[in-house]
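Observations on chain architecture
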Amino acid sequence: MDTKVEETDKLQQDVTSQLMSEKKQFITPVFRQVASAVAVGSAGCVFGIVIAFSSVALGNWKIEGGVSLNEEQINWFAIVVQLVSIPGSVVGGGLVQLLGARRLLILILPPLALTWPILLLSRDSPSAMIILRAIQGLMTAGGSICVYVYPCEVSEPKRRGLLGAVPEAAFSLGFLLTYFMGGVFHWTTVVLIIPFIFVPCMIFLLLVPESPTKLIQQGRIEEAKYTLKNLRAPDHDVDMEVNEMQNVFSSSNNCEEGRCQDIRSLSKLNALLPVAVSTTLLVLKECTGQLVLALFVVQIFQNANAEISPHHGSVIVGSVRFLSNIIGAFLLGRLPRKKIIIIASLVAGVSVALLGCHFYGHENESKVAWAPLLYLAVFTLAFGIGIGPTSYLIATELLPSSVRGTGSGIAGAATFAAQFFITFLAAQTSASNLYISFWGYAAGCLTLVAFVLLLPETQGLTLQEVESYWSKVATNIHCPERKKPPKEQNNNEDSVGCSANIDSTDSSHDERVFGRVVTMVDLGNKKEIVDIV
């Protein structure tokens, strides 16, 4: 009898041991890396809901009423989010640099969720509704930076394309949920449902670690190493990655208290250039008119007299956007970034130009009634696969880690300024002149193509290699004639002053930047690019 009991206990122990082993194999570092990026990136869903709510509200209020807002106040309710997001992005970027993306999101989401029931209670007060909408815009601006920065900082180069597209997919999911709820429920019911969507996002945030980049910036080296060990493969050299990030941070001139690091870093050309490029890229993305087509999709279908319910059409367009983001996430991991965004911009430009042609001479009854749905779907497909996720990913990759939070804030402020300007013009445009706007968006798509052709390709590069690229560019601008061997450089006193002020503690060595060998040499306490093969 005792023997049978012992055999049963042993069998149970073997089964338990096997289950634990399978669990360990399932929760691999790659799984933790993906789960962390997805958990934080998924918060973009609630921010997408905040932005897309205007589409549901405007379509409902202009038909049924139910609020004390006149037409002008309704338009301000729709665009005030973009207006306040301009300063909100700057403040949010500074807070990301100070607190970290994860911690800032944890602070933002609870009060943002509380604004929704308060909004419903304030529907008889126009000023209170617009003020609450402005508060939502401020929080959304700061939180949006977090969901784009965090996945890039925790993911490896080979997975950054896939995981970097998660935030855009989450935003699109938020748009889709809002369109769907607006087509099924009354707007007051939608407002009551929205806070419950915040709950899983807040739970996910409590389960993921802080970004290793932020931990190193705060001097918490051992915590950063522990986090990286959980996010990287067992054979990955964590110490080398930590040392690389430490060298990046030590390369910037810090104030004694460390408070002026971002300002000092931005004064350097190798930080100022990528911030300017990232900002321009995101502004041109908005010139495609994507936000106008998303916010006013219901009104577009109403003005086009399409053979489909405006709300059903918005759900179809929202579904296309979400599914295209998923497709784009896989393409980003396999194809060059520039090729994706260029092809997508050309397709989007043609489709929105055709949409403008449909509205030109709209009184012509020979127009195909379902054409607006087709053109909007094709535009949304192109934007969701290429323009949206790729532009945000490239913009984040190009920013040096020492100014990534502040740089994201500056780029975000410029983006929201462009959004406000474009949506304000759209709100003032009559239905008979919509074709002018659509043709303008087509021109914006072509401008985006021309600009992307000038950018470097970032696929497969570490963030440190991208920073080295900007150091090379900054050095070439400061001293374009510098092509002498290292020995001649050290003998030339004037050459020391002709550098890009790239600080470093490393000795002379070769680095590979975009497939080219770059020879680095120490000049006192400075490192300079002196030869490019």
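Residues numbered from 1 in each chain as written. Predicted model: local features only at pLDDT ≥ 70, side-chain atom pairs only at ≥ 80, totals over all residues. Heavy atoms only, no water.

Let us now look at a nonpolar patch on the surface. Together, Trp-76, Leu-83, Phe-421, Phe-424 and Leu-425 make up an exposed nonpolar region whose accessible area comes to about 440 Å². Mapped onto the nonpolar patch, the elements with two or more residues apiece are α4 (71-99) and α20 (404-428). If one sorts the elements of the nonpolar patch by residue count, α20 sits on top with three residues. Tracing the chain through its elements places Leu-425 in helix α20. Residue classification places Leu-425 among the partly exposed positions, given a relative accessible area of 42%. (Patch = residues over 30% accessible without salt bridge, like charges linked within 9 Å, V, L, I, M, F, W, Y side chains within 5 Å. Areas by Shrake-Rupley, 256 points an atom, 1.4 Å probe, with all protein chains shown as cover. Salt bridge = Lys/Arg side-chain N within 4 Å of Asp/Glu carboxyl O. Helix = DSSP H or I, 4+ residues; strand = E, 2+ residues; numbered from the N terminus. Buried < 20%, exposed > 50% of the residue type's maximum accessible area, 1.4 Å probe, protein only.)

Another point: the nonpolar core. Counting residues in hydrophobic clusters, the biggest one holds 112 residues, and the most contacted among them are Phe-47, Phe-53, Trp-61, Leu-281 and Phe-438. Looking at which element gives the most residues to this core, the answer is helix α3 (residues 44-64), with 11 residues. With residues near it in sequence (within four places) discarded, Phe-53 still touches Phe-77, Trp-116, Leu-119, Arg-133, Thr-178, Trp-187, Val-190, Val-191 and Ile-194. (Core = buried A, V, L, I, M, F, W, Y, C linked by side-chain atoms within 4.5 Å. Contact = heavy atoms within 4.5 Å.)

This paragraph deals with the side chain of Arg-133. With respect to the helices, strands and loops of the structure, Arg-133 is situated in helix α6 (residues 126-154). The buried charged residue Arg-133 lacks any salt bridge partner; its closest oppositely charged side chain belongs to Glu-286, at an N-O distance of 14 Å. Of note is the side chain of Arg-133, whose polar atom sits 3.0 Å from the side chain of Gln-136. In contact with Arg-133, not counting residues within four places along its chain, are Val-50, Ile-51, Phe-53, Ser-54, Phe-77, Val-80, Val-81 and Trp-116. (Lys, Arg positive; Asp, Glu negative; His and termini not counted. Polar contact = N/O pair within 3.5 Å; in protein donor to acceptor, adjacent residues only side chain to side chain.)

Scanning all chains against the criterion turns up four salt bridges. As a salt-bridge pair, Glu-223 and Arg-220 come within 2.8 Å of each other at their nearest N and O atoms. Of the residues examined, Arg-220 reaches a relative accessible area of 26% and is grouped as partly exposed. Of the charged contacts in the structure, one is a salt bridge between Glu-397 and Arg-337, with a shortest N-O distance of 2.8 Å. Placement of the pair is Glu-397 in helix α19 (residues 371-398) and Arg-337 in helix α18 (residues 337-359), with a sequence separation of 60 residues.

In the structure shown here, the tally under the stated rule is five cavities of 30 Å³ or more. Estimated volume of the largest cavity: approximately 370 Å³. In terms of lining residues, the largest cavity is bounded by 26 residues, among which Ser-144, Tyr-148, Tyr-392, Thr-415 and Phe-416 are the most central. Secondary-structure elements contributing two or more residues to the lining of the largest cavity are α6, α8 (166-184), α14 (269-286), α15 (290-295), α19 and α20. Tallying contributions element by element places α20 first for the lining of the largest cavity, with six residues. Class assignment for the residues of the lining of the largest cavity results in 14 nonpolar, eight polar and four charged. Taken as a whole, the second largest cavity spans an internal volume of roughly 110 Å³. If you trace the second largest cavity, you find it lined by Phe-175, Tyr-179, Gln-290, Leu-293, Ala-294, Val-317, Gly-318, Arg-321, Leu-376, Phe-379, Thr-380 and Phe-383. Put simply, the parts of the chain that give the lining of the second largest cavity at least two residues each are α8, α15, α17 (310-332) and α19. Residue contributions to the lining of the second largest cavity peak at four residues, all from α19. Among the residues making up the lining of the second largest cavity, the classes are represented as eight nonpolar, three polar and one charged. (1 Å grid on protein atoms, 1.4 Å probe; cavity = no way out; pocket = protein on both sides within 12 Å on 5 of 7 lines; lining within 4 Å. Points joined across faces, edges and corners; volume = space filled by probe spheres on them. Nonpolar A, V, L, I, M, F, W, Y, C, P; charged D, E, K, R; others polar.)

This brings us to the packing of aromatic side chains. Scanning the model with the defined rule gives 14 aromatic pairs in all. Between Tyr-435 and Trp-439, the ring centres sit 5.2 Å apart and the planes meet at 75°, which makes this aromatic pair edge-to-face. Of this pair, Tyr-435 and Trp-439 both sit in helix α21 (residues 434-452), four residues apart, which is roughly one turn of that helix. Among the aromatic residues, those joined into a ring-pair cluster are Phe-53, Phe-77 and Trp-116. (Phe/Tyr/Trp six-rings, centres within 6.5 Å; stacked < 30°, edge-to-face > 60°.)

What follows is about helix α11 (residues 221-231). By the burial criterion, the buried members of α11 are Ile-221, Ala-224, Thr-227, Leu-228 and Leu-231. Projected down its long axis, α11 shows its buried positions confined to an angular sector of 125°, all on one face. The outward face of α11, more than 90 degrees from its buried face, is lined by the exposed residues Glu-222, Tyr-226 and Lys-229. (Arc of directions from axis to C-beta.)

So, on to the side chain of Ser-278. Within the secondary structure layout, Ser-278 lies in helix α14. For Ser-278, a relative accessible area of 1% gives the class buried. Apart from the residues lying within four places of it in its own chain, the contact partners of Ser-278 are Ala-395, Leu-398, Leu-399 and Ala-411.

Before going further, it helps to spend a moment on the environment of Ser-437. Assignment of secondary structure puts Ser-437 in helix α21. Accessibility expressed as a relative area gives 17% for Ser-437, which makes it buried.

Moving on, we come to the state of the cysteines. All told, the structure shown has zero disulfides when counted by the stated rule. Distance from the sulfur of Cys-45, which forms no disulfide, to the nearest cysteine sulfur (Cys-201) is 5.9 Å. You can call Cys-45 buried: its relative accessible area is 7%. (Disulfide = S-S within 2.5 Å.)

Turning our eyes to something else, we now look at the confidence of the model for the protein chain. Looking at the protein chain as a whole, the pLDDT averages 76, with 77% of positions reaching at least 70. The secondary-structure element of the protein chain with the lowest mean pLDDT is strand β3 (residues 526-532), recorded at 40, while α21 shows the highest, at 92. In the model, residues 15-24 has pLDDT below 50 throughout and makes zero contacts with residues more than four positions away in sequence or in other chains. In this model residues 252-260 is a low-confidence stretch, pLDDT under 50, and it forms 12 contacts with partners more than four residues away in sequence or in other chains. (pLDDT = per-residue confidence, 0-100.)

This paragraph deals with the packing of helix α5 (residues 101-121) against helix α9 (residues 187-207). Across the interface, α5 lies against α9 with an axial gap of 9 Å and an inter-helix angle of 165°. In terms of their interaxial angle, α5 and α9 are classed as roughly antiparallel. Both α5 and α9 take part in a crossing whose hand is left-handed. For the pair formed by α5 and α9, the contact residues are Arg-102, Leu-105, Ile-106, Leu-109, Pro-110, Leu-112, Ala-113, Trp-116, Pro-117 and Leu-120 on the first element and Trp-187, Thr-188, Val-191, Leu-192, Ile-194, Pro-195, Phe-198, Cys-201, Met-202, Leu-205 and Leu-206 on the second. The residue inventory of the contact of α5 with α9, partitioned by class, reads 19 nonpolar, one polar and one charged. (Axes fitted to C-alpha atoms, helices over the stretch in contact; angles between N-to-C directions. Parallel < 35°, antiparallel > 145°, perpendicular 65-115°, else oblique. Left-handed = near helix turned anticlockwise from the far one by under 90°.)

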